[in-house]
Amino acid sequence: MESFLDDTFDVKAKHAPDEALEKWRKLCGVVKNPKRRFRFTANISKRSEAAAMRRTNQEKLRIAVLVSKAAFQFISSVSPSDYTVPPEVKAAGFDICADELGSIVEGHDVKKLRFHGGVNGIAQKLCTSTNDGLPKDADALNRRQELFGINKFAESESKSFWVFVWEALHDMTLMILAVCAFVSLIVGIATEGWPKGAHDGLGIVASIMLVVFVTATSDYRQSLQFKDLDKEKKKISIQVTRNGFRQKMSIYELLPGDIVHLAIGDQVPADGLFVSGFSVLIDESSLTGESEPVMVGAETPFLLSGTKVQDGSCKMLITTVGMRTQWGKLMATLSEGGDDETPLQVKLNGVATIIGKIGLFFAVITFAVLVQGLVVRKWKDGSHVDWSAEEAMEMLEYFAIAVTIVVVAVPEGLPLAVTLSLAFAMKKMMNDKALVRHLAACETMGSATTICSDKTGTLTTNHMTVVKSCICMSVREVGNPSKFANMKSELHDSALKLLLQSIFNNTGGEVVMSKEGKREILGTPTEAAILEFGLSLGGDFQAEREAVKLVKLEPFNSTKKRMGAVVELPVDGGRLRAHSKGASEISGYTCIGIVGIKDPVRPGVKESVAVCHAAGIAVRMVTGDNINTAKAIARECGILTSDGVAIEGPVFREKSQAELLELIPKIQVMARSSPLDKHTLVKHLRTTFDDVVAVTGDGTNDAPALHEADIGLAMGIAGTEVAKESADVIILDDNFSTIVTVAKWGRSVYINIQKFVQFQLTVNVVALVVNFSSACMTGSAPLTAVQLLWVNMIMDTLGALALATEPPNNALMKRPPVGRKGHFITNVMWRNILGQSFYQFLIIWKLQASGKSMFELEGSDSDLVLNTIIFNSFVFCQVFNEISSREMESINVFKGMLNNYVFVMVLVATVAFQIIIIEFLGTFANTTHLTSHQWGACVLIGFIGMPIAAILKLVPV
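Residues numbered from 1 in each chain as written. Predicted model: local features only at pLDDT ≥ 70, side-chain atom pairs only at ≥ 80, totals over all residues. Heavy atoms only, no water.

Taking the numbering used here, the UniProt-annotated feature "domain: Cation-transporting P-type ATPase N-terminal" (unreviewed entry) corresponds to residues 114-189. Taken end to end, residues 114-189 has its terminal C-alpha atoms 84 Å apart, with 62% of it in helix and 0% in strand. (UniProt positions renumbered as here; feature names shortened; annotations may be inferred. Helix = DSSP H or I, 4+ residues; strand = E, 2+ residues; numbered from the N terminus.)

UniProt's entry tags residues 168-190, 202-220, 354-375, 395-425, 901-922 and 934-955 with the feature "transmembrane region" (unreviewed entry), counted in the numbering of this structure. Helix and strand shares over residues 901-922 are 95% and 0% respectively, and the end C-alpha atoms of the span are 30 Å apart.

Let us look at the nonpolar core. Most often, soluble globular proteins keep nonpolar side chains buried together rather than apart. Counting 152 residues, the largest nonpolar core has Leu177, Met445, Ile711, Val729, Phe736 and Val757 as its most contacted members. The dominant element in this core, judged by the number of residues it contributes, is helix H30 (residues 736-778), at 19 residues. When sequence neighbours within four positions are dropped, the list of residues in contact with Phe736 reads Ile451, Ser453, Thr458, Leu459, Arg602, Val605, Ser608, Val609, Cys612 and Val619. Within the second largest apolar cluster, 25 residues are counted, among which are Cys97, Ile122, Ala123 and Leu126. (Core = buried A, V, L, I, M, F, W, Y, C linked by side-chain atoms within 4.5 Å. Buried < 20%, exposed > 50% of the residue type's maximum accessible area, 1.4 Å probe, protein only. Contact = heavy atoms within 4.5 Å.)

Right, let's talk about the sheet that holds strand E11 (residues 474-477) for a bit. Spatially, three strands are ordered E11-E10-E17 in an open sheet, and the strand pairing comes out antiparallel. Sheet topology places E11 and strand E17 (593-598) at the edges, where each strand pairs with a single neighbour. Sheet twist, expressed as the average angle between the axes of neighbouring strands with direction ignored, equals 20°. Across the sheet, helix H21 (residues 525-536) is in contact with strand E10 (465-471) and E17; its angle to E10 comes to roughly 60°. (Pairing = 2+ DSSP bridges. Axes fitted to C-alpha atoms, helices over the stretch in contact; angles between N-to-C directions.)

Let us look at the sheet that holds strand E14 (residues 549-554). If you trace the three strands from one edge of the open sheet to the other, you get E14-E15-E16, paired in antiparallel fashion. The open sheet is flanked by E14 and strand E16 (576-582), the only strands paired with a single partner. On average, adjacent strands in this sheet sit at an angle of 20° to one another, irrespective of strand direction. Two elements, strand E15 (residues 562-568) and E16, share seven bridges in a ladder whose sense is antiparallel. For Val567, the partnering residue across the bridge sits in E16 and is Arg577. The strands touched by helix H20 (residues 493-505) within the sheet are E14, E15 and E16, with E16 carrying the most contacts at an inclination of about 70°.

Two elements in contact, H30 and helix H32 (residues 827-854), have axes whose closest approach is 9 Å; the angle formed by their N-to-C orientations is 35°. Viewed along their axes, H30 and H32 form a crossing whose handedness is right-handed. Contacts between H30 and H32 involve Gln754, Val757, Gln758, Leu761, Thr762, Val765, Val766, Val769, Val770, Ser773, Ser774 and Met777 from the former and Met829, Asn832, Ile833, Gln836, Ser837, Gln840, Phe841, Ile844, Trp845 and Gln848 from the latter. Of the residues in the contact of H30 with H32, the class split is 12 nonpolar, 10 polar and no charged. (Left-handed = near helix turned anticlockwise from the far one by under 90°. Nonpolar A, V, L, I, M, F, W, Y, C, P; charged D, E, K, R; others polar.)

So, about the packing of aromatic side chains. Using the criterion set out here, one finds 15 aromatic pairs in the structure. Aromatic pair Trp790 and Phe913: ring centres 5.0 Å apart, planes at 50°, arrangement tilted. One end of the pair, Trp790, is in helix H31 (residues 785-803); the other, Phe913, is in helix H34 (residues 901-920), and 123 residues separate them in sequence. Seen from their ring centres, Phe876 and Trp935 are 6.2 Å apart, and the 85° between their planes marks the pair as edge-to-face. Of this pair, Phe876 sits in helix H33 (residues 862-884) while Trp935 sits in helix H36 (residues 932-952); the two residues are 59 residues apart in sequence, bridging distant segments of the chain. For Phe876, a relative accessible area of 6% puts it in the buried group. Residue classification places Trp935 among the buried positions, given a relative accessible area of 14%. Through successive ring pairs, a cluster of aromatic residues spans Phe161, Trp162, Phe164, Phe213 and Tyr220. (Phe/Tyr/Trp six-rings, centres within 6.5 Å; stacked < 30°, edge-to-face > 60°.)

Along its 39 residues, helix H15 (residues 343-381) runs 57 Å from first to last C-alpha, staying within 8% of the 57 Å computed at 1.5 Å per residue. Among the residues trailing H15, Gly382 stands out with phi positive, at a value near 75°. (Expected span 1.5 Å × (residues − 1).)

Let us now look at the packing of helix H11 (residues 172-192) against helix H16 (residues 389-409). As a packed pair, H11 and H16 sit with axes 10 Å apart at the nearest point and diverge in direction by 165°. In terms of axis orientation, H11 runs roughly antiparallel to H16. By crossing handedness, the relation of H11 to H16 is classed as left-handed. The segment H11 lies against H16, with Thr173, Ile176, Leu177, Cys180, Val183, Ser184, Val187, Gly188 and Thr191 engaging Ala389, Met393, Leu396, Phe399, Ala400, Val403, Thr404, Val406 and Val407. The class makeup of the residues in the contact of H11 with H16 is 13 nonpolar, five polar and no charged. (Parallel < 35°, antiparallel > 145°, perpendicular 65-115°, else oblique.)

This part covers the side chain of Thr805. With respect to the secondary-structure elements, Thr805 resides in the loop between H31 and H32. The exposure class assigned to Thr805 is buried, which follows from its relative accessible area of 3%. At 2.4 Å, the side chain of Thr805 and the backbone oxygen of Leu801 are in polar contact. In this structure, Thr805 is in contact with Leu420, Phe424, Asn752, Ala800, Asn900 and Val902, ignoring residues within four places of it in sequence. (Polar contact = N/O pair within 3.5 Å; in protein donor to acceptor, adjacent residues only side chain to side chain.)

With that out of the way, let us pick up H33. For H33, with 23 residues, the first-to-last C-alpha span of 32 Å sits near the 33 Å given by 1.5 Å per residue. Extensive coverage of H33 is indicated by the burial of 20 of its 23 residues.

This model, assessed by the stated rule, comprises 22 salt bridges. In this structure, Asp99 and Arg324 form a salt bridge, with 3.2 Å as the shortest nitrogen-oxygen distance. Here the residue Asp99 occupies a position in helix H6 (residues 98-106), and Arg324 occupies one in the loop between strand E7 (308-320) and helix H14 (326-335), the gap between them amounting to 225 residues. Its relative accessible area of 57% is what places Asp99 among the exposed residues. As a salt-bridge pair, Arg246 and Glu510 come within 2.0 Å of each other at their nearest N and O atoms. In this pair, Arg246 is assigned in strand E2 (residues 245-250) and Glu510 in strand E12 (residues 510-513), connecting sequence segments 264 residues apart. Counted as one network, the salt bridges with shared partners bring together Asp454, Lys678 and Asp702. (Salt bridge = Lys/Arg side-chain N within 4 Å of Asp/Glu carboxyl O.)

Mapped onto the secondary structure, Arg242 falls in strand E1 (residues 237-242). When its relative accessible area of 12% is taken as the criterion, Arg242 is described as buried. Taking the C-alpha atoms as reference points, Arg242 and Ile259, 17 residues apart in sequence, are found 7.2 Å from one another. Apart from residues no more than four positions distant in its own chain, Arg242 is found in contact with Asp132, Leu134, Leu141, Gln247, Met249, Glu253, Leu254, Leu255 and Asp258. In terms of polar contacts, Arg242 uses its side chain to reach the side chain of Asp258, at 2.8 Å.

For strand E21 (residues 693-697), the buried fraction is high: five of the five residues fall into the buried class. Taking every second residue as pointing to the same face, both faces of E21 are buried, with Val693, Val695 and Gly697 on one and Ala694 and Thr696 on the other. Relative to E21, strand E9 (residues 450-453) runs parallel, the two being bridged by three bridges. Its bridge partner lying in E21, Cys452 is registered against Val695. Bridge count for E21 against strand E22 (residues 711-715) is four bridges, and the pairing is parallel. Bridge pairing in E22 places Gly697 opposite Ala714. Each parallel crossover has a hand, and the one from E21 via helix H28 (residues 703-708) to E22 is right-handed. (Right-handed = clockwise from strand over helix to strand, strands pointing away.)

As structure tokens, this is what we get:
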């Protein structure tokens, strides 16, 4: 089975081609309810629509750029465009409408932009300031929102509970059973009258409604969980200036007229115009599919929503928001496309298909055997020509039993149990500071064999402070105010002035005043540490920025590993001065100073690395930092061992393919690495060594490695939007210990699904074999349609709730990872399934053969009592087997059981409802009252399955 599943029902965890997704859908032959089975799968047609929209956008923008260039060349000879401000816009106090703004930016219309007075003219017409942003007036902001719209895209409405009920009713087998119930009601009432003749039909109807409502409730709860997770995914903040203050705001609160600050890795939150900035390079591939980045500046100031800042930084004026932008329309389409189905979902769809076909075969044979028995009996009686209503009802019951065998045999709940387990895990991981963006990441992380981790912010705290400095060849320890005062007095004025000029101009950070009037430092932890150092020396950020003119700024990125600024000095006729900051070993400049910045190792990292090693997960550090720093931190964390290799990126690049094959397994630290080095390492680990690789990253340049990895882990605090979008999981607290928690949850998901599969396949096997063999041997089936529907609910919806939501334990991290080629249905599972199935079949067969004598049953109701005992024993076998399935190899199955309240509630509900069915609903469920002795025997039969399961676990496989 496993090899067939690998060949036929196998998709990639990431970036699976549409052909592969379509292939497995076509192979799912026996599907009871397509609406439910394929609910959590990708909508390929919607994705095609999105791709077509991207192609249209690409063509539109290409034409717009060409027109814009032509217009720019002949702008002086073109007459101004005619534009009349709509009355409602004029009445609201604005001089330009949303449609005109949209046509300017989306159409790259230089002519219209020039007509409206350029960027400053547009700002005036929008009643905003490019320095102070929008005023705080709430009424004015509301009017602006009513006129120009909100920065949100249209989303499909949430399904109500009744929609899930309607979808559950689309189960083909339930519909057939409903028809059977209707016919049974008509025939029964006609022959036996009301209410006696309605019992069988109403019993089936009640069972169908119970199954439908329990299924719908479970599915509805899942949808609410996914809705909550979607809200978390969409929490994106950006730096905005409003009312003169720089502040963080949600992108969904942005309005036309807002002034937004963009830096490398940011996603452009709405359509707008470039106000000021340096070296801005925009990646428009998400919107247009075009891979070549676009330069944006004063001459081409158009910024489109959804594109990404690849290099540089700038201020932008928001002009168009939400569904008025092409990105809004594209996202509305993409949101209907859904997530790719996960490998486990696809594989279990394969299992359901195989078992479903087997079940269908057995159902047809069972029906044929039962009908044959009836026909042979009538033939012997000589009544084969005359058919009574009772015999017609008997035939209908046989058909209902056959259909119900299909209900039980097709494990529709298998792929949905994956979704249930993933939804549960994702919700819990949110509490553990990990936001899962893609479903597949949960289960893939459970198979991880390697973690390639950043150093800064992941292994270290990312709270940086300057602790040592070397200025004018004088080395000083710094850290408290008195030492800063001494340093300031010892430094020459010209040296201090040059140092502060460099610190406050050659920076990607800023010093601003908050609404509360407090000083705030904005920027990366490194920038913040250096700015804090400058302020402690008595520097004034605004004064230093105003003292010179910033001509050019080259932001820091992973390729250059340094930052540069060119300033125009107010003396010597506007002489230029270049400042550089970054890697100390790159030179050609006059050294102003060197600062030592301390970033301590996070508490608990060493222990977490040890947990990874015990779990068979290799941890490698990949950093752009100096090799000596990297080695020291790696040793402190327990990553670099005596037999491990630390290597620099440039040396790694020079290695031949043969050398890499020998070297890569030993690499524990890679320093001075470029994004390409990281990508190459990950690719080799995945393809050459078949590792399942998790990679951390926080910057734009990490995107290729995050995309290449099996699991991309973006840092939530320090990460850019580009890194987050390329990632599968966002680590919200940037902590390596949280990554280990994600791995533990991933393993938990995988193991929980295995437990559920083991439990459900056991019920499938027993129900099929019992009803088939009984039909062949005795001409009747011991389990009726109503009883089989109840068993189906125990093993499907309730079983999934109980076993697929088991929380993780520390023992999960003391076993080796499954890896890329591990079998899902293992030999251990087959041992447990076949052993438990054999016991249950043996017991039921023994009860059928000798039950009457064992329980001393006599009289007209002896068959009914015996069938009730068989049904009750069968259900209690499943109850105790559910407990045994909590552990596939460990004998102690009770450990931690009471901590899982869902599991306990499911068990209690199952037993309680079983008592109600037996004692109070006998008329509808074909059961009768049992004595305490008979109840005790049924419970004992079920319980004996537990020590048998424990003995089975001692059998080596």
